[in-house]
Amino acid sequence: MNKIPLVIQREYLSRVKNKRFILTTILTPLLIVGFIAGATFLSIQGKGSHKIAVVDGNGFFKDNLKGSKDIAFEFPQGVDTTNYVAKGYSDILLIPKFNGNEKTHYILRSKKSIGMTTQDKIEEKINAAIEDKSLQDQGISRARLDSIHKGSQFAELKAEQQDGDSVKESNQGLAYGIGFASGMLIYITMFIYGAMVMRGVMEEKTNRIAEVIVSSVKPFQLMMGKIVGIGAVGLTQFFMWILLIFALTTAAQAFVPHDVMEQVKTLQQHGGAMPGGGMMQASESAQKIYDVKHTFATANWPLIIGCFIFYFIGGYLFYAALFAAVGSMVNEDPQDAQSLMLPITMPIIFSFIIMTNAVQDPNTPIAVWASIIPFSSPMVMMARIAYGVPDTVTYVQLITSMLSLVAGFLFTTWLSGKIYRTGILMYGKKATWKTMLKWAFAKS
Amino acid sequence: MSNMLELHNLKKYFATQKAVDDVSFNIAKGSIFGLLGPNGAGKTTLIRMITGIFYPDAGDIIFDGQKFSPSNDTVKIGYMPEERGLYKKMKIGEQALYLAQLKGLSRSDAMAKIKFWFKRLEMESWWNKKVEDLSKGMQQKLQFVITVLHEPKLIILDEPFSGLDPVNANLIKDEIYGLAQRGSTIIFSTHRMEQVEEICDHIVLVNLGKKILDGTVHDVRQQFKENKFSIKLREVPANISNPSFVVDEIKANALTVRINTGFSSNDVLRYFLDQHITIEAFNEILPSLNEIFISLVEGTKAKTRAFQPVENQ
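Residues numbered from 1 in each chain as written. Chains lettered and ligands numbered in written order. Predicted model: local features only at pLDDT ≥ 70, side-chain atom pairs only at ≥ 80, totals over all residues.

Q: Tell me about the domain arrangement of chain B, residues and numbers included.
A: Taken domain by domain, chain B consists of domain 1 (3-222) and domain 2 (226-285). If you average the C-alpha positions of domain 1 of chain B and of domain 2 of chain B, the two centres end up 45 Å apart. (Domains from an automatic or database assignment.)

Q: A description of the packing of helix α11 (residues 301-329) of chain A against helix α12 (residues 334-358) of chain A should follow, citing residues and the corresponding values.
A: Residue and element names in this part refer to chain A. The N-to-C vectors of α11 and α12 enclose an angle of 165 degrees; their axes lie 9 Å apart at closest approach. Judged by the inter-axis angle, α11 sits roughly antiparallel to α12. Judged by the sense of rotation from one axis to the other, the crossing of α11 with α12 is right-handed. In this structure, α11 uses Tyr-319, Leu-322, Phe-323, Val-326 and Met-329 to contact α12, whose residues at the interface are Ala-337, Leu-340, Met-341, Ile-344 and Ile-348. For the contact of α11 with α12, the residue count by class is ten nonpolar, no polar and no charged. (Axes fitted to C-alpha atoms, helices over the stretch in contact; angles between N-to-C directions. Helix = DSSP H or I, 4+ residues; strand = E, 2+ residues; numbered from the N terminus. Parallel < 35°, antiparallel > 145°, perpendicular 65-115°, else oblique. Left-handed = near helix turned anticlockwise from the far one by under 90°. Contact = placed C-beta atoms within 7 Å. Nonpolar A, V, L, I, M, F, W, Y, C, P; charged D, E, K, R; others polar.)

Q: Pulling in residues and values, what's your account of the packing of helix α15 (residues 395-423) of chain A against helix α16 (residues 433-440) of chain A?
A: The packing of two helices is summarised by the inter-axis angle and the distance between the axes. All names here are of chain A. In the contact formed by α15 and α16, the axes pass within 8 Å of each other and the chain directions differ by 105 degrees. Classed by the angle they form, the pair α15 and α16 counts as roughly perpendicular. Residue-level inspection shows Leu-415, Lys-418, Ile-419, Thr-422 and Gly-423 of α15 in contact with α16, the latter providing Met-436, Trp-439 and Ala-440. Partitioning the contact of α15 with α16 into residue classes produces five nonpolar, two polar and one charged.

Q: Go over the nonpolar core, please, and point to the residues and values.
A: In terms of nonpolar packing, the biggest core is built from 137 residues, with Val-197, Ile-227, Ala-320 and Ala-324 of chain A together with Ile-156 of chain B touching the most fellow members. The leading source of residues in this core is α11 of chain A, at 16 residues. Contacts of Ile-156 of chain B, omitting those with residues within four sequence positions, involve Ile-47, Ile-50, Thr-51, Ile-77, Gly-78, Tyr-79, Met-80 and Ile-187 of chain B. If you look at the next biggest cluster of nonpolar residues, it comprises 13 residues, including Phe-61, Tyr-84, Ile-92 and Ile-126 of chain A. (Core = buried A, V, L, I, M, F, W, Y, C linked by C-beta atoms within 7 Å. Buried ≥ 20, exposed ≤ 12 C-beta atoms within 10 Å, placed from the backbone.)

Q: So what's going on with the sheet that holds strand β1 (residues 50-56) of chain A? Residues and values would help.
A: Residue and element names in this part refer to chain A. Spatial strand order, β2-β1-β3-β4: four strands in an open sheet with mixed pairing. Looking at the sheet topology across the chains shown, the edges are occupied by β2 (71-74) and β4 (107-110). For this sheet, the mean inter-axis angle between neighbouring strands, taken without regard to orientation, is 25 degrees. The pairing of strand β3 (residues 91-95) with β4 spans four bridges and is classified as antiparallel. Across the sheet, residue Ile-92 finds its bridge partner in β4, namely Arg-109. (Pairing = 2+ DSSP bridges.)

Q: Which residues make up the interface of chain B and chain A, and what are the values?
A: With 21 residues of chain B in contact, the opposing surface of chain A contributes 17 residues. If you list the elements that add at least two residues to the side of chain B that touches chain A, you get β6 (77-80) and α3 (92-102) of chain B. A per-element tally of the side of chain B that touches chain A places α3 of chain B first, with four residues. Of the residues contributing to the side of chain B that touches chain A, the split by class is eleven nonpolar, six polar and four charged.

Q: How would you summarise the confidence of the model for chain B if you had to cite specific residues and measurements?
A: When pLDDT is averaged across chain B, the result is 85; 96% of the residues are at 70 or more. Listed scores for the predicted complex are pTM 0.75 and ipTM 0.76. (pLDDT = per-residue confidence, 0-100.)

Q: I'd like to hear about helix α9 (residues 258-269) of chain A, residue by residue, with values.
A: All names here are of chain A. Compared with an ideal rise of 1.5 Å per residue, which puts twelve residues at 16 Å, α9 spans 17 Å between its outermost C-alpha atoms and is within 8% of the ideal. Along α9, the residues that are buried comprise Gln-263, Val-264 and Leu-267. Buried residues in α9, looked at end-on, bunch into an arc of 105 degrees, giving them a common side. Looking at α9, the residues exposed on the side facing more than 90 degrees away from the buried face are His-258, Asp-259, Glu-262, Lys-265 and Gln-269. (Expected span 1.5 Å × (residues − 1). Arc of directions from axis to C-beta.)

Q: Explain the sheet that holds strand β10 (residues 210-216) of chain B residue by residue, including any values.
A: Whenever strands of a sheet pair, they do so through backbone hydrogen bonds, lying parallel or antiparallel. Residues and elements named next belong to chain B. Read across the sheet, six strands follow the order β6-β7-β8-β3-β9-β10 without closing on themselves; strand pairing throughout is mixed. In this open sheet, the two edge strands, each paired with only one partner strand, are β6 and β10. In this sheet, adjacent strand axes meet at a mean angle of 15 degrees when their direction is disregarded. Pairing geometry for strand β7 (residues 154-158) and strand β8 (residues 185-189), over five bridges, is parallel. Among the inter-strand pairings, Leu-154 is bridged to a residue of β8, identified as Thr-185.

Next comes the structure, spelled out in structure tokens:
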């Protein structure tokens, strides 16, 4: 009689009915949303505006140095490094006299640290001012300069991808986001659920329940039941998260005023432009919502979600079996687990690093190979798939990767089954990877 | 009476030791069988082969008249290992239900049997408790119930009374007798020889992976008897001397004597009768299993066993 379903049922229910599971399932999306909202809020708040007093030894910056929304340049008299704070300035910029074409060092002094972005912006402004000054020195009038600047604001790069005769929008930013997010998710879940499998096995071993159960269920059935049961817990958690996120975004849409939503609908119907030749202007928020929706619509969601589920399950099965083997090796001492886990965690972390590179450049040879080898394919392939199938990832690559992942987890399951069978009943002996491999390849 | 279990030349070698080295014995149906041996003698390995956890390297196991097949026969076995094992965080009722279903019972069957046993051993109030809330003795009781729940034909109990108070130990003992009467065969593994003497019909002693003793408790004690007798006399004469026996010990008016070979107990009695001494009691002293066990195991290399490599393998 096949008892795996019974084991799966217990592994699944005992975890899903746990209060902690319910709490983490509900709280995690809320935490993530809260974290994003908090980070956004802080980054807006954190950009304090700068009122900068400029002490200019040359005298031409007064007309050319232009401020922006949160940076204001002023040229007051009698302000120096000792009193700028008292006079109400946040920073002071000291510009020395030029001599020739040497690179000049400007000094920006402030009480608070300035921050990289602000510093870059100020540097950019100063360079623009110097450029303007040089152009004016060549005889271009202020008025012409202004009109040149205005004209140069119009360019906006719209990347398109050619696919045979048809041209479609290419969206690198979205691909990056999807690739990174799904790779990251697989990385995290591999650790969370892999460790869960390992702890479950360790529990059974140290509680000595393994011996009771193994007299009625084959060790392999017990291991598979645990792996599948916990995998189902993982999937349940995912679907709950997707549902929650969907519910949250729907709820968020309810806060958008009705007329804005109407405008978004009109925009969707007319491909991004308002009908009536600019007579009717879409409001700024409607345009933004449309842009977000439009951008998201460019991704091939069914493919991405389908592949995500496949690689999540495949990657999980691949590593969970190894985690189970490690769990079966551990004696009472959890410290053992740490050192035995290292050969499993290393390839996971390594794949993560490859993934972060692949998501920027999906066609490097290392990214391609890593997306096919089952050790790293769940993460790296997800990073590449976001860039499009079959444009970036060819069908051959995708199918090879999938097949090798299936072969990979069949192999690790078989291998771990042999280690597990011996390890789960072995007490007192300190386990090493050497003994583990000996068990794996021992005759049955 | 047919045999429930027959072991024929079982062998199981591990890298560093011959855990079970050519062991054969039979266990009759409905008997209570004592499997004895010092620590590390190979009892657990033997049991694990009988329960289908290990495959023997060589030899046959005949279970209920047929070759033992782990996939079919393990549901007919109930095994309570020495190291108790239960899920600490799982509710007791659910746990019993799960383990019973793993033994092949349907959910409703399992439920009915659990209810029956919980009521019988007064454990009904435990249903929603967790194992970690139970005392050691209570866990023991639960483990026993889980072991016998599916009415196995063969029940293997490894130290079933450790951690139990006398009342609960007696309760379990009565259940063991009851199970044997209802036709279950019981293998009882323990170091407590007085329990073996009390409960078991038949014993086997293993040491260093080999069987060194096999027989009924009565036969074994007869086999190892040293012809010792205790005699209680009304008055003890000052000088006792007779070729038929040697006096080992005199305590008040009780004597312990050992009869020399070629003589019988009647020679001893005749000696005292001839002297007109009143004999109040005359008993044979059989060695206890404990003494037999110690005399057989002591002096062997039982303690250093784990470090002996196996040459051929």
